[in-house]
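# Fold and contact review
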Amino acid sequence: MPIDVKGVSFSYNTGTTLEKVALENINLSIGKGEFILIGGEIGSGKSTLIRHFNGLLKPSTGQVIVDGMPAHEKHVKTKVGILFQFPQNQLFAKTVYEDVAFGPSNFGIKGKQLDKRVIHALQLAGVREELYDRSPFTLSGGEMRLVAIAGVLAMQPDYLLLDEPLSGLDPENKNSLLLLLKTLHSQGISVVIVSHRIADMLFLADRVFLMQDGRVSFKGKPDDYIYSTSSPLPDITSLMKDLRQKGIDVRDDVFSIEDAFDEITRVQKERMVR
Ligand SMILES: Nc1ncnc2c1ncn2[C@@H]1O[C@H](COP(=O)(O)OP(=O)(O)O)[C@@H](O)[C@H]1O
Ligand SMILES: [Mg+2]
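Since the structure is predicted, the reported quantities are computational estimates derived from the model, not experimental observations. (Residues numbered from 1 in each chain as written. Chains lettered and ligands numbered in written order. Predicted model: local features only at pLDDT ≥ 70, side-chain atom pairs only at ≥ 80, totals over all residues. Heavy atoms only, no water.)

## Focus on the site of ligand 1
- In the vicinity of ligand 1, the contacting residues are Tyr12, Asn13, Lys20, Ala22, Glu41, Ile42, Gly43, Ser44, Gly45, Lys46, Ser47 and Thr48.
- In the environment of ligand 1, an oxygen atom lies 2.7 Å from a nitrogen or oxygen atom belonging to the backbone of Gly43.
- Between Gly45 and ligand 1, the recorded distance is 3.0 Å, taken from a backbone N or O atom to an oxygen atom.
- For ligand 1, whose unbound accessible area comes to 560 Å², protein coverage reaches 64%.
- Elements supplying a minimum of two residues to the shell around ligand 1: strand 2 (20-30) and helix 1 (46-50).
- Sort the elements by how many residues they give to the shell around ligand 1 and helix 1 lands first, with three residues.
- Residues belonging to the shell around ligand 1 are distributed by class as follows: three nonpolar, six polar and three charged. (Near = heavy atom within 4 Å. Polar contact = N/O pair within 3.5 Å; in protein donor to acceptor, adjacent residues only side chain to side chain. Areas by Shrake-Rupley, 256 points an atom, 1.4 Å probe, with all protein chains shown as cover. Helix = DSSP H or I, 4+ residues; strand = E, 2+ residues; numbered from the N terminus. Nonpolar A, V, L, I, M, F, W, Y, C, P; charged D, E, K, R; others polar.)

## Structural notes on unusual backbone geometry
- Backbone geometry places Asn25, a non-glycine residue, at a positive phi of 50 degrees.
- For Asn25, the location among the structural elements is in strand 2.
- Of note in the backbone geometry, Asp213 takes a positive phi value of approximately 50 degrees without being a glycine.

## Structural notes on the packing of aromatic side chains
- Within the structure shown, the criterion is met by three aromatic pairs.
- Residues Phe218 and Tyr225 carry aromatic rings whose centres are separated by 5.7 Å and whose planes lie at 65 degrees to one another, so their mutual orientation is edge-to-face.
- The buried category is assigned to Phe218, whose relative accessible area is 12%.
- Residue class for Tyr225 comes out buried when judged on its relative accessible area of 5%.
- Against the face of Phe107 rests Lys74, its NZ or CZ located 4.7 Å from the ring centre. (Phe/Tyr/Trp six-rings, centres within 6.5 Å; stacked < 30°, edge-to-face > 60°. Buried < 20%, exposed > 50% of the residue type's maximum accessible area, 1.4 Å probe, protein only. Lys NZ or Arg CZ within 6 Å of the ring centre and 35° of its normal.)

## Here's the deal with the domain arrangement of the protein
- Taken domain by domain, the protein comprises domain 1 (3-232) and domain 2 (233-274).
- Taking only C-alpha atoms, the centre of domain 1 and the centre of domain 2 are 33 Å apart.
- Across the boundary between the two partners, domain 1 contributes ten residues, which contact eight residues of domain 2.
- Carbon and sulfur atoms supply 63% of the area that domain 1 and domain 2 bury against each other, a total of about 780 Å² over both sides.
- Interface area lost by domain 1 to domain 2 is led by Phe203, Ile226 and Tyr227, which between them contribute 52%. (Domains from an automatic or database assignment. Contact = heavy atoms within 4.5 Å. Buried area = accessible area lost by both parts, 1.4 Å probe.)

## Details of the sheet that holds strand 4 (residues 61-66)
- An order of 2-1-4-5 is seen for the four strands of this open sheet, with the pairing classed as antiparallel. The two strands at the open ends of the sheet, each matched to only one other strand, are strand 2 and strand 5 (69-70). (Pairing = 2+ DSSP bridges.)

Given below as structure tokens:
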């Protein structure tokens with residue numbers, strides 16, 4: 001069952017002089033098991049949009065339906081987990097363990113079952129065991145983000161929404177987070193990533209939505225996105241294009257380092273045969 005967004009518009013500060021239309025007539029659907037990227041410049045409405053997916057915001061007009069139910073029903077909050085842009089705002093308990101336990105215990109899970117869930121979520125997110133008893137506020141930015149993810153995973157959501165999850169991470173942490181999201185997706189969780197820089201994540205995505213001034217300006221597959229918008233190319237795609245221009249006969253419709261590696265290896269082998 002999908003997340004269906006039907007004719008959704010949303011304004012902040014309605015009826016005041018500060019009224020701001022942030023979303024205008026959004027129609028889209030996110031299927032179970034999909035890996036979705038939502039791109040667009042800062043201020044285009046990305047965060048506002050995903051806050052509608054689990055009912056944190058209610059549309060001014062239109063509706064959001066999750067698995068057949070209005071998104072603001074309490075039950076939906078357990079199905080749709082959201083990781084905010086600043087994980088430190090999401091953490092509050094005395095220890096990492098308690099923080100991750102908070103969500104499920106609030107939904108009546110206790111004892112052994114709770115412990116199992118918490119440990120599983122912490123392990124899945126890759127939080128090191130020596131951090132379980134630490135205060136979340138003594139952790140590094142990358143570690144905090146993993147703890148916040150564990151907290152969301154402990155609710156066993158069907159959909160995982162992440163708002164600018166790579167911002168502030170170093171390249172190594174970025175890669176391990178993308179790997180984690182790939183793993184979670186392969187286990188059946190739908191992943192929705194919001195970012196103003198989606199180019200280097202295109203290889204993960206089934207579909208891409210682009211936001212512009214509160215509207216969806218593009219919907220489609222990563223390949224169509226690359227060829228139909230003037231958006232920046234992934235670094236790896238630019239590299240392949242450069243190689244082609246230098247006369248090396250590689251394909252340039254390549255979005256992942258793995259595919260680029262295979263493609264370059266193939267061309268190298270062909271050259272050796274000749
Ligand atoms: N709490 C708020 N009050 C008033 N305006 C807001 C608020 N949050 C966001 N906006 C405005 O709504 C628009 C969309 O914002 P946002 O959804 O945060 O965009 P994005 O996530 O793409 O950067 C922007 O013009 C922003 O200034
Ligand atoms: Mg935002």
